[in-house]
Amino acid sequence: MPRTRPNLIITGTPGVGKSSHCELLAQITELGLKHLSINRIVKERNCNDGYDDELKSHIVDEDKLLDEIEDEVKEGGCIIDWHILLLYCVRTRPFCMTGWRNGRHKKLQENLDAEIMQVILEEAREAYDEEAIIELRSNTIEEIDSNVDRISAWAKHWIQNNPEGV
């Protein structure tokens, strides 16, 4: 069955507003997009190999995770929210966001280092064609609103240009 809705990956270091963007996009009913929070799926569907006490996060079993979301992604219309570009096998358009928020442990330093070094943006550039990468800033509410408008316009354009699906 052809996919009539695009899949989007919203990626960036933890704390830059990925979930906020995804939740706002999922509320735009005419797009018909569903927010897939990878962190929530890992926890709720047991797609992990344990818990890292030092980093205070689950250790993701990527094979199980990909198996868990495969059917949903094949249908299309998913907004995938995570900080790692593991979905290299799915044709998507990642939107990389930069920014940060306060935290209190080792993970904060790791996140700040990744942000400074643009690790996720560089991973996206290595994994996808340059024209498929859009870097967005999300340091203010106005930037978030502008980003949601921009992503929404792109998704509407994709839907209009692919009425038969892909």
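Residues numbered from 1 in each chain as written. Predicted model: local features only at pLDDT ≥ 70, side-chain atom pairs only at ≥ 80, totals over all residues. Heavy atoms only, no water.

Caption draft 1: Geometry of the overall build of the chain. Helices and strands together make up the secondary structure of the chain, namely 6 helices and 7 strands. Along the chain, helices (α) and strands (β) appear in the sequence β-α-β-α-β-β-α-β-β-α-α-β-α when read from the amino end. Counted over contacts in the chain with a minimum sequence separation of 6, partners at least 24 positions apart contribute 73%. Surface summary for the chain: the accessible area is close to 9700 Å², and the carbon and sulfur share equals 46%. (Helix = DSSP H or I, 4+ residues; strand = E, 2+ residues; numbered from the N terminus. Contact = heavy atoms within 4.5 Å. Areas by Shrake-Rupley, 256 points an atom, 1.4 Å probe, with all protein chains shown as cover.)

Caption draft 2: Looking closely at the nonpolar core. The biggest cluster of nonpolar side chains holds 17 residues, and the ones touching the most others in it are I10, L25, L31, L33, I79 and I151. Every element with two or more residues in this core is listed here: β1 (8-12), α1 (18-26), β7 (134-137) and α6 (141-161). Element by element, the count of residues in this core is highest for α6, at 7 residues. Core analysis: the next-biggest nonpolar cluster, separate from the first, contains 16 residues, L36, C78, W82 and I133 among them. (Core = buried A, V, L, I, M, F, W, Y, C linked by side-chain atoms within 4.5 Å. Buried < 20%, exposed > 50% of the residue type's maximum accessible area, 1.4 Å probe, protein only.)

Caption draft 3: Structural detail: the pattern of salt bridges. Within this structure, the stated rule accounts for 5 salt bridges. Between E72 and R45 there is a salt bridge; the shortest N-O distance is 3.0 Å. With E72 in helix α3 (residues 62-75) and R45 in the loop between α2 (38-44) and β3 (48-52), this pair connects stretches of sequence that are 27 residues apart. Taking relative accessible area as the criterion, E72 reaches 16% and is therefore assigned buried. The class of R45 is partly exposed, set by a relative accessible area of 28%. (Salt bridge = Lys/Arg side-chain N within 4 Å of Asp/Glu carboxyl O.)

Caption draft 4: How the structure looks around the UniProt feature "binding site: ATP" (unreviewed entry) in the chain. Per the UniProt annotation, the sites labelled "binding site: ATP" (unreviewed entry) are G15, G17, K18, S19, S20 and R101. Note on placement: G17 falls in the loop between β1 and α1. Within the secondary structure layout, K18 lies in helix α1. (UniProt positions renumbered as here; feature names shortened; annotations may be inferred.)

Caption draft 5: Layout of the packing of α1 against α6. Two elements in contact, α1 and α6, have axes whose closest approach is 10 Å; the angle formed by their N-to-C orientations is 50 degrees. What the angle tells us is that α1 and α6 run oblique. Here the hand of the crossing between α1 and α6 comes out right-handed. Here H21, L24 and L25 of α1 come into contact with α6, specifically with I144, N147, V148, I151 and S152. Here the contact of α1 with α6 is built from residues that sort into 5 nonpolar, 3 polar and no charged. (Axes fitted to C-alpha atoms, helices over the stretch in contact; angles between N-to-C directions. Parallel < 35°, antiparallel > 145°, perpendicular 65-115°, else oblique. Left-handed = near helix turned anticlockwise from the far one by under 90°. Nonpolar A, V, L, I, M, F, W, Y, C, P; charged D, E, K, R; others polar.)

Caption draft 6: Spatial organisation of the side chain of R3. Its place among the elements puts R3 in the segment before β1. Here R3 is buried and forms no salt bridge, its nearest opposite-charge partner E75 lying at an N-O distance of 10 Å. A polar atom in the side chain of R3 sits 3.3 Å from the backbone oxygen of R5. (Lys, Arg positive; Asp, Glu negative; His and termini not counted. Polar contact = N/O pair within 3.5 Å; in protein donor to acceptor, adjacent residues only side chain to side chain.)

Caption draft 7: Spotlight on α3. With 14 residues, α3 extends 20 Å from end C-alpha to end C-alpha; this agrees with the ideal 20 Å at 1.5 Å per step. Its axis deflected by about 45 degrees at I69, α3 carries its strongest bend there. The complete set of buried residues in α3 reads L65, L66, I69, E72 and V73. Looking at the buried residues of α3, the elements they touch are β2 (34-37), α2, β4 (57-60) and β5 (78-81). Sitting at the head of α3, D61 places a side-chain oxygen 3.3 Å from the backbone nitrogen of D63. After α3 finishes, the residue G76 shows a positive phi value of roughly 90 degrees. (Expected span 1.5 Å × (residues − 1). Bend = angle between axes of the 7 residues up to and from the residue.)

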